[in-house]
Amino acid sequence: MTMTLIVVLVVSGALVLGAVWGLYWPLPGKVQGFLVALAGGALLLSVVTELIEPSMESSTLLVSSLGVALGAIVFSGVDYLIDEHWGPSKGGGLLAAITLDGIPENLALGVALIGATPIEVAALAGSILLSNLPEAAGGARQMRESGIAHRQALLLWVGTAALLSAAAIAGNLLLGGADQHQLAFIRCVAAGAVVASLATEVFPEAFKDDHHWAGVATMLGLLLALGLGELG
């Protein structure tokens, strides 16, 4: 349980650190766009190798496909509502991306930590941290630029970090004995939300800020995730 709490603190703490970074020490747009694309590249690989492929191996194509479809549809619907009622440039989309893919992802993370070796834990946590930090910074920067009060924006990100921490702890405590099909479905819901968020929020944001280097940054993120996966 101690290892679980340490990993949860690191992964969720990256959201708060990223939000503080985006609100109080924003980087130039091109640098931040590069880092968001880097995170997107890491997620691009991780969603396949850490969520979809293991789910298909332990369950069925039908269960995995239904989970991916549900995750993508739910994320797209919530993202649409945020754009309609909050505005597409106020950081809500990236906040929704982190929350909707983060809840099932952190449930799965909590399960994965059961019996995992320190190297495996470091690889998994590193991959999630790599994506959380610049995404939170990008979302918080959008909130700051749209006029949302710093305190209000920071409280939103702290609340999100607390919610995802609770999901990881719940996964560790409650889902250790869950059916493999249920776990596969949870992982694939996360995967579907990630896929939708990459297409509608992460890569468009990165390309808008740094379109010349976004492709290179995506490639580097993918290679970093590949290296973390091999380490695990």
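Residues numbered from 1 in each chain as written. Predicted model: local features only at pLDDT ≥ 70, side-chain atom pairs only at ≥ 80, totals over all residues. Heavy atoms only, no water.

Engineer: What exactly am I supposed to notice about the side chain of Ser55 here?
Structural biologist: With respect to the helices and strands, Ser55 occurs in helix α2 (residues 29-58). In terms of polar contacts, Ser55 uses its side chain to reach the backbone carbonyl oxygen of Ala184, at 3.3 Å. The residues contacting Ser55, other than those within four sequence positions of it, are Thr60, Ser64, Ala184, Arg187 and Cys188. (Helix = DSSP H or I, 4+ residues; strand = E, 2+ residues; numbered from the N terminus. Polar contact = N/O pair within 3.5 Å; in protein donor to acceptor, adjacent residues only side chain to side chain. Contact = heavy atoms within 4.5 Å.)

Engineer: Got a minute to help me understand the pattern of salt bridges in this structure?
Structural biologist: Applying the stated criterion to the full structure yields four salt bridges. Lys208 serves as the salt-bridge partner of Glu205, at 3.3 Å between the closest nitrogen and oxygen. A residue pair is termed a helical-turn pair when its members lie 3 or 4 positions apart in one helix, as Glu205 and Lys208 do in helix α7 (residues 180-209) at three residues. A relative accessible area of 55% places Lys208 in the exposed class. Through salt bridges with shared partners, a single network forms among Arg141, Arg144, Glu145, Glu205 and Lys208. (Salt bridge = Lys/Arg side-chain N within 4 Å of Asp/Glu carboxyl O. Buried < 20%, exposed > 50% of the residue type's maximum accessible area, 1.4 Å probe, protein only.)

Engineer: Quick question: what am I supposed to make of the packing of α2 against α7 here?
Structural biologist: Geometry of a packed helix pair, given as the angle between the helix axes and the separation of the axes. At a minimum axis separation of 8 Å, α2 and α7 run at an interaxial angle of 160 degrees. Taken together, the axes of α2 and α7 lie roughly antiparallel to each other. Where α2 crosses over α7, the two elements pack in a sense that is left-handed. Each residue belonging to the contact of α2 with α7 can be placed in one class, and the counts come to 17 nonpolar, eight polar and four charged. (Axes fitted to C-alpha atoms, helices over the stretch in contact; angles between N-to-C directions. Parallel < 35°, antiparallel > 145°, perpendicular 65-115°, else oblique. Left-handed = near helix turned anticlockwise from the far one by under 90°. Nonpolar A, V, L, I, M, F, W, Y, C, P; charged D, E, K, R; others polar.)

Treat this as a map of the structure, not an account of what it does.
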